[in-house]
Amino acid sequence: MTEVDLNLLVALDALLQEQSVSAAARRMNLSTSAMSRTLSRLRTALRDPILVPAGRGMVATPHALAIAADVHALKEAVVRVLSPAATLDIREISRDFTIRANEAFVLLYAATLSAAVAGAAPGIRLRFAPRSDKDVHPLREAAVDLDIGVLPADAGELRCQTLFEDRYVGVARHGHPILDTGKLTVGAYAACGHVVFSPQADFSGPVDRALAELGAHREVKLIVPSFPAVIAVASTSDLIGSIPKSYLRSAAADQIATFDLPFVMPGFDIVQAWHPRMDADPVHRWLRALIFETFRSMG
């Protein structure tokens, strides 16, 4: 057989189960003549009569009897593979998911998401992995199930869904002189020493690009690996920093004062991203929907 016709497999199973052309035709809602033609094709393909006359009925050949169980199992497997997924009972699912996100996101939302998952699907566990970079290969290689953060520019084929919009605000220790300047100017802001979060340890970032467009330059004195570290440094020194406004939800935000940046900074979307191979996976789809609804309920 140069090309496999799965209809022949179904017909062969019906013929072997019924051992009657007319009964097999009824099972498959075919005419007797159509089933006879199918039997002829099967005899040619298998080089075996399959069914032969025996009195008023038919009996299977030794070869047909030998393959009957395998034929039935194959037919059932094909039907199972080509049928829609069964209705998902999420409470019966046991599965682990790896979510890549930065430290600030984990501190802010990991407990909330874990509680939401546990309440609906106690057999599902979440594993948060550090987001030290925006490399998309872990998603492509299935090492990571979801990536949450700012979508990388080279996202390629990845699917994504916006969870919430965010923007940067300034942070400084309580009593910092910059908070007493009335209307904060770009010059006063740039004149301060700055602590910056940068996973790549860059001394220049989006704030610096926005300042450069205004002909200003700030002095970055310290680079730290997380937004919590920005807060920790800013709250105990004269350095000022900038953090996503969403991080003001954290308990650590009580340690610092906040202010609006004195120049326009574009906002950014926090998204959940995944590889297209997971689009139709019912449990993965359920988890994405739960995460989306959780953030929507936060407002």
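You'll find the structure just up there.
Here's what I pulled together on the structure shown here. (Residues numbered from 1 in each chain as written. Predicted model: local features only at pLDDT ≥ 70, side-chain atom pairs only at ≥ 80, totals over all residues. Heavy atoms only, no water.)

Points about the pattern of salt bridges
Taken as a whole and assessed by the stated rule, the structure comprises 13 salt bridges. Its salt-bridge partner being Asp147, residue Arg131 comes within 2.8 Å of it at the nearest N-O pair. You can see Arg131 sitting in the loop between strand S4 (124-130) and helix H6 (137-140) and its partner Asp147 sitting in strand S5 (residues 146-149), a full 16 residues away along the chain. Owing to a relative accessible area of 13%, Arg131 belongs among the buried residues under this scheme. A salt bridge links Glu157 to Arg140; the shortest N-O distance between them is 2.9 Å. Residue Glu157 is located in the loop between S5 and strand S6 (159-166), and its partner Arg140 is located in helix H6; the two are separated by 17 residues in the primary sequence. Residue class for Glu157 comes out partly exposed when judged on its relative accessible area of 32%. Here the salt bridges do not stand alone but share partners, grouping Asp13, Lys75 and Glu76 into one network. (Salt bridge = Lys/Arg side-chain N within 4 Å of Asp/Glu carboxyl O. Helix = DSSP H or I, 4+ residues; strand = E, 2+ residues; numbered from the N terminus. Buried < 20%, exposed > 50% of the residue type's maximum accessible area, 1.4 Å probe, protein only.)

Regarding the sheet that holds S4
Strand order in the open sheet made by the 5 strands is S4-S3-S5-S12-S6, with mixed pairing throughout. Two strands in the sheet have a free side with no partner beyond their single neighbour: S4 and S6. Strand after strand, the sheet turns through a mean of 25° between neighbouring axes, direction not considered. In this structure, S6 lies alongside strand S12 (residues 268-274), joined through 7 bridges in antiparallel fashion. (Pairing = 2+ DSSP bridges. Axes fitted to C-alpha atoms, helices over the stretch in contact; angles between N-to-C directions.)

Let's talk about the layout of surface pockets
Its boundaries defined by the atoms lining it, the largest pocket holds a volume of some 1,100 Å³. What lines the largest pocket is a set of 45 residues, and nearest its centre among them are Lys134, Tyr168, Phe197, Pro199 and Phe227. The element best represented in the lining of the largest pocket is helix H5 (residues 103-120), accounting for 5 residues. Residue composition of the lining of the largest pocket, grouped by class: 25 nonpolar, 12 polar and 8 charged. (1 Å grid on protein atoms, 1.4 Å probe; cavity = no way out; pocket = protein on both sides within 12 Å on 5 of 7 lines; lining within 4 Å. Points joined across faces, edges and corners; volume = space filled by probe spheres on them. Nonpolar A, V, L, I, M, F, W, Y, C, P; charged D, E, K, R; others polar.)

Thoughts on the pairing of strand S2 (residues 57-60)
Alignment of strand S1 (residues 51-54) against S2, held across 4 bridges, turns out to be antiparallel. Its bridge partner being in S2, Leu51 is matched across the sheet by Ala60. What sits between S1 and S2 in their antiparallel hairpin is a turn of 2 residues, with Gly55 showing a positive phi close to 65°.

Some thoughts on the sheet that holds strand S7 (residues 168-173)
Spatially, the 3 strands line up as an open sheet ordered S10-S7-S11, and their pairing is antiparallel. Strands with a single pairing partner mark the edges of an open sheet, and in this sheet they are strand S10 (241-244) and strand S11 (256-259). Taken over all neighbouring pairs, the strand axes of this sheet differ in orientation by 45° on average, direction set aside. Pairing of S7 with S11 involves 4 bridges; the strand directions are antiparallel. Pairing of Val171 across the sheet is with Thr258, part of S11. In this fold helix H9 (residues 227-234) packs onto S7, S10 and S11, with an angle of close to 140° to the strand it touches most, S10. (Contact = heavy atoms within 4.5 Å.)

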